[in-house]
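Examination of the molecular architecture
So the chains spell out like this:
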Amino acid sequence: MPHYILSLDQGTTSSRAIIFDHAGRQLSTAQSEFPQGYPQPGWVEHNPEAIWDSQITVARQALAQAGVTAADLAAIGITNQRETTLIWDRTTGAPIHNAVVWQDRRTAEMCSRLKAEGFEATVRSKTGLVLDPYFSGTKVAWLLDHVAGARARAEAGELAFGTVDTFLIWRLTGGALHVTDVTNASRTLLFNIHTLSWDAEILEKLNIPAAILPEVKPSGAVYGETAGDIFGAPVPIAGAAGDQQAATFGQACYAPGLTKNTYGTGCFMLMNTGAEPVPSPSGLLTTVGWQVGGQAAAYALEGSVFIAGAAVQWLRDELKIIHSAPEVEALAGSVADTGGVYMVPAFVGLGAPYWDPFARGTIVGLTRGAGRAHIARATLESIAYQSRDVLAAMEQDSGIKLPALRVDGGAAVNDLLMQFQADILGVPVQRPRVNETTALGAAYLAGLATGFWESVDEIAAQWQIDKEYEPQMSEDRREALYAGWRRAVERARGWEA
């Protein structure tokens, strides 16, 4: 009997592969960063071949490190950066353009025009999303309009569109499968989350031919098998989910009200709202949480912060005030507070609950005594402030007062940040023993689909707390700091408008 699940975790800045055993423990991990492209201000692209090469390389490395062969694998689960948009030739598999990344803002004017035409209400009611360049739909329209010959080829059925999961599955199966799952589909702006199908009215409005769309499957289901030459023998591909939904599943947020926040390139908070989608007047997204096999879909409220860990990378790569990302905690901790400095990392606009594509990054409150440590601390604190913005909206829309926040992702290991997060929220922050919950969630979905795990109850029993951070800040101090943050945000908004 196979003993392991291979999880492919294709992120915004790196590709990872992790092998999990039946207890949900990591057997081996391999990771590789790949280049980011910034052709113009506000534009972000990836080379699709770099995505594929890095992902398949780390998968083979993880297998080799663990001494595991294809025969030892029960299944492969895939999780991915969401909304990032690729179009490729159905015959050759060659992309027609670089991938347009979720952070990319090139379609801001298109979104503004559609809003002015009154189309946002339709989009909100059907997709649970807002009209923002973040999502795939306007990126697809842009590619069809700006790549020579693309629209005619798309209408002739010669091209395939996909988010990163779809592109990887296509490549892993040698072009045999053109599929996505409900979670990734729900982030395209083209998918009706009530009927769980592509929406003809939105496709017509954006002038996107249905012929380029993948087939939509549950998040946990056997889609097919890898081509034999990929890993030496065919392996079932049995699950896929967008990274934030996968993390929510990996955090065992299976009951309504359970909430997780992932601290990665961006920051993403999801609350399970059960079997019914909950609309959000407060500027959050209503999204599909997951669907396992023939069961009903679970829904979630989501708040998306575009820049979180990426702000620490900016300190490293652009300001060069740290040499590596982990150094930021010690530097920030070398001062007691920010000295009144606030940093709003709106490098690509602001996400929930503001949805301002014209906001830009801002540092305010500088004095002659402010130094690199104050800026580093303000950068970390900005991640926690943005998360509070989201949680306040989430509690208002759901009517649920959060008892605790489950956290994961790269920056969740930063004790200073996690303590400040607990302080500024006023609720405990819980970090699980397995921090790689995104990859674990993809593994769980694939394992449920193949019988490797029998039920979500079995999986939930594996979730354990590694460390809990209790709030230590007074209410007066918390609210005063947060009021300063809101003033700083107002100075960042509408900068490019």
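Predicted model, so just to flag it, every value in this text is computed and none were measured.

**Regarding the side chain of Arg377**
- Locating Arg377 in the fold gives a position in helix α13 (residues 372–398).
- On the basis of relative accessible area, Arg377 is assigned to the buried category, the value being 13%.
- When neighbours within four sequence positions are excluded, Arg377 is seen to be in contact with Ala332, Gly333, Val335, Ala336, Asp337, Thr338 and Leu416.

**Notes on empty space enclosed by the protein**
- Overall, the coordinates contain two cavities of 30 Å³ or more when judged by the stated rule.
- The volume enclosed by the largest cavity comes to roughly 50 Å³.
- Looking at the largest cavity, the residues that line it are Ser304, Val305, Phe306, Leu350, Gly351, Ala352, Tyr354, Gln386 and Asp389.
- Elements supplying a minimum of two residues to the lining of the largest cavity: β18 (298–305) and α13.
- A class-by-class count of the residues in the lining of the largest cavity yields five nonpolar, three polar and one charged.
- Volume-wise, the second largest cavity comes out at about 40 Å³.
- Every residue along the wall of the second largest cavity is listed here: Thr338, Val341, Tyr342, Met343, Ala378, Glu381, Ser382, Tyr385 and Trp485.
- Only β19 (342–344) and α13 provide two or more residues apiece to the lining of the second largest cavity.
- Tallying contributions element by element places α13 first for the lining of the second largest cavity, with four residues.

Rules behind the numbers
Residues numbered from 1 in each chain as written. Predicted model: local features only at pLDDT ≥ 70, side-chain atom pairs only at ≥ 80, totals over all residues. Heavy atoms only, no water. Helix = DSSP H or I, 4+ residues; strand = E, 2+ residues; numbered from the N terminus. Buried < 20%, exposed > 50% of the residue type's maximum accessible area, 1.4 Å probe, protein only. Contact = heavy atoms within 4.5 Å. 1 Å grid on protein atoms, 1.4 Å probe; cavity = no way out; pocket = protein on both sides within 12 Å on 5 of 7 lines; lining within 4 Å. Points joined across faces, edges and corners; volume = space filled by probe spheres on them. Nonpolar A, V, L, I, M, F, W, Y, C, P; charged D, E, K, R; others polar.

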